[in-house]
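Residue-level structure breakdown
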Amino acid sequence: MSRHDWILLAGMMMAAALAFTLLHWWGTASQTEGLVLHVAAPAQTAAAGTENEVLEGLDGIRLEETTAAALEGMSMTRLEAAGEERYWQIQGAQGTLVLHFEPGRGIEILKAHCPDQVCVRTGFIQKAGQSIVCVPNEVIVSLQTPYKNTEKEDVDAILQ
Amino acid sequence: MPSFNDHGRIPARKLVLLALMVALSMGLHAVENMIPFLFPMPGIKLGLANIITVICLYLFQRREVLIMVVLRVILVGLIAGNFLTPGFWISGSGALISFLSMAAACRFPKFSSVGVSLVGAAAHNIGQLMMVSLLMGSKAVFYYLPWLLAWAVPMGLLTGFSAKAAIKALRNTGLDDTIEP
Amino acid sequence: MGTMVSIEVHADPKADKAPTQNQLKEAVLASFDRMERVSAQTDRYEASGAADVQKVAAAAGTGRWTTVGDDLFYLTDQVQKRGNLLVDPTLGPLIDVWDIARETGTLPDPAAVAAALARTGMDKMALNHEVPAEAAGGQSPNGGGIMLTEAGMSLDLGAVAKGYAVEKAWESLQASGLPIYGIINAGGNIKTLGQKPDGTMWKIGITDPTDKTRCMGNLLMLQGEAVATSGDYQKYFESEGIRYHHLLEPSTGYPGMENHAVLVVAANGFDTDYYSTLLFLLPSEEALNLAETLPEIETIIVSRDNKIYVSSGLKSRIEWTYQGGFTLVTP
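Residues numbered from 1 in each chain as written. Chains lettered and ligands numbered in written order. Predicted model: local features only at pLDDT ≥ 70, side-chain atom pairs only at ≥ 80, totals over all residues. Heavy atoms only, no water.

Quick notes on the confidence of the model for chain C
- Mean pLDDT over chain C: 89, with 93% of residues reaching 70 or higher.
- Across chain C, the element-wise mean pLDDT spans from 81 in strand β16 (residues 327-329) of chain C up to 97 in helix α7 (residues 269-280) of chain C. (pLDDT = per-residue confidence, 0-100. Helix = DSSP H or I, 4+ residues; strand = E, 2+ residues; numbered from the N terminus.)

Focus on empty space enclosed by the protein
All names here are of chain C.
- For the structure on display, the rule yields three cavities of 30 Å³ or more.
- Roughly 70 Å³ of volume is contained in the largest cavity.
- What lines the largest cavity is I206, T207, P209, M216, T229, Y233, A261, V262, L263, I300 and V302.
- No other element matches strand β12 (residues 259-266), which puts three residues into the lining of the largest cavity.
- Along the lines of polarity and charge, the residues of the lining of the largest cavity split into nine nonpolar, two polar and no charged. (1 Å grid on protein atoms, 1.4 Å probe; cavity = no way out; pocket = protein on both sides within 12 Å on 5 of 7 lines; lining within 4 Å. Points joined across faces, edges and corners; volume = space filled by probe spheres on them. Nonpolar A, V, L, I, M, F, W, Y, C, P; charged D, E, K, R; others polar.)

Here's the deal with the confidence of the model for chain A
- Averaged over all residues, the pLDDT of chain A equals 78, while 81% of them reach at least 70.
- In the predicted structure, residues 148-152 of chain A sits below a pLDDT of 50 and forms ten contacts with residues beyond four places in sequence or in another chain. (Contact = heavy atoms within 4.5 Å.)

So, the nonpolar core
- I146 and L155 of chain C are the most contacted members of the largest nonpolar core, which has 58 residues in total.
- The element contributing the most residues to this core is helix α6 (residues 161-175) of chain C, with seven residues.
- Built from parts of two domains, this core gets at least three residues from each of domain 1 (6-29 + 160-322) and domain 2 (48-74 + 89-148) of chain C.
- Ignoring any residue separated from it by four or fewer positions in sequence, one finds I146 of chain C in contact with V56, R64, W65, T66, V68, L72, F73, T76, M125, A126, L127 and L155 of chain C.
- One finds L46, V65, M68 and A122 of chain B within the second-largest nonpolar core, a separate group that totals 41 residues. (Core = buried A, V, L, I, M, F, W, Y, C linked by side-chain atoms within 4.5 Å. Buried < 20%, exposed > 50% of the residue type's maximum accessible area, 1.4 Å probe, protein only. Domains from an automatic or database assignment.)

Next up, the structure:
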C-alpha cells in the first residue's frame, strides 16, 4: 500500500466515524417518542398467491390486512401508549409482508416474501431515521420525526 | 484506437481473456450470493466481483473494462432472474458508479490497486444507496450510509489485496504482455 | 384554576375610535378578575381555604345551609336542573381518591372507591334560592344556600367551572364596549371574541389525544363561539398499560372508558364544558346521536378504538391536517 492509500483509508474511516457520530447524535435525540411511521410500497397489486408461504408460523396472531397508505403517518407514541403488539399485512411487489410492532422494541418486518430476507433480518427499528428496506418488494418502512404541523403557526389557539 | 487492430476488432487472444474475466466476475458474483448475508442492509455485499474490475483496470483499456462491467451486470441480471427489476438497477448502478470512480482513481499513479479498490468499494455502496433512494422515492435509506462507508473499508482492502496479488501473478506469467497493445 | 389562562385582545383596526393601550390592558385585567372570582368560589384546591366549595364541604352533614357566591350557586343550580347524572357536582370525595392514586401512580383500593362513591350524589345536595338571612351582608346578591346532607361530602365543579369562567371573562370583555377582537384560551376551553380583521374564521388547532405534541386538524370557529375538550390525555396515570384519567363515571366511580376525547362547540362556554364531559362518558355513537338532537351544540368524538365521529354541523368546519391511525366515521 502506498502512502496515499493510507491517507485514503484514514479519510474513509474518519468519514464513516463522523457519519456514525452524526447519526447517533441525531437518532437518539428521540426514541419512539413523537415519531411517525413512514411506509412506502408499490401501488396496490393483486395478491401474488404466496400468502400461505408468508403466513407460515403466524397461527394465533391477529393480522390486520391493511395498506401502506393506511399505515403512513401512524404515531409511534400512540402505538407505545396503546401498549399492545400489532401485526399488519401489506402487499409488496412480490407478495405479502407482515409488519410487527412490539411496545418497547419498535417495528420490524416479521415475514416477507422475498429471496434474500434482508428486510426480515434487519430486525427492529425504533429511532428516528432508521429504516427497513425490502428491495424485491419495493417496500421501505422507516421512522421519521413528523413533519412539524406547518399549520400550527397559522392557528389562533390550540385546544388542549 | 490502440486496443483494436486495423480491422476494428479486438485481437482474439484479448477477446478470450476479456470473456474469461466476465465469466470469472460472474462466478465470483454467484459465490458471493451463496455466502449467507453478513449485514442485513441493502447493498452490503462483499463485492467480490470488484476484484475482477480492479484487475482489468490495470490490464485493459478503460472502455474495454466498461464493456466488461456492463456485460457482467446484464448477464448476472438475466441469470438471477431480476433483469430490469429494482434489484437489477440497484446492483447495476453500484457497479457502474464503482467502475467510474475506480477508472478516475486509476489515473492517479499515487494510488496503488488497494487505494483504487477502496474508492471503488465506497462508490459501489453509495451508488446502490442512491439508486434505492431514487427508485423508492425515499431518503430514509441514507440512514445506512455510515454503515456502508464503514463496511467499504474492509471490503476495499479485501478486493484491493486480492487484485494486487492477482495482478502480480498475472504479470509473472507474462500473460499481461500479450494483452497490452 | 390549575391551568394557564391566556386572554389575547387586539384593537379592531377598522374602528373609528381605536382604544388606547391602557384601555385594552384594563379590559383584559377586568376579564382576568372575573375569572378569578369564579375560581375563588369553585376551586377546591385553593390553598387559602377561602373557596366557597370548601365551606360547603366543611358544613356537610351538619344540616346547616352554607351561603355561597353567585357563580358557585349558578353552576350547581344549572347542573342540578339539567339533571343528567353523568355530570355530577358532588364527586369531590371520589376525585380525592383518584387524585391520590394519580400522585402515587397506584390504583385505588376498590373499597376506597366504593366508600367515596357512597358519599356522592346530586340527590344529597340541596339548593336554596332564597339567600339565607345570616348572609344578608354577603358579597354576592345572586348567591344562595347549598347544603350537602351527609358528612364527608364535597363539591367539585371541575367539569363545568372552566367553561363557565371563560364565558364570564368573555362577557366582561364584551361589557367593556371597546372595538376589540381576541381569544380567551384556558387550555381545554376557548372562546373567540369578535372578528379577525382579515375576515377569516378563527382557527383552532385540535390536539391529537394520543400524542399531545401534535394537532390532528384545525377547527374553524365563528365569532363569539366557545369550544371545550374533555380528554383522557389531560390528567392521567397509567397502571398495567391502562390509562386512568380524571373524567370519572359517577355510577361506577372509575374513569369513563368509551372515548379518548370529546370536543364540543357551542355559543356558551358553560354548555361546551358541560356537554364535553357528558358526551365523553357516553358510548361514542350514543354521544353523537345525543349531540345531533341538541341544536345548541356540535361535537367531535374520538372513540377509544380511534374512530372519529363528527356531528353534521361541524363537518365542513374542520381542516384535517393529520389523521394517523384514526378512522373518520361518516354516518
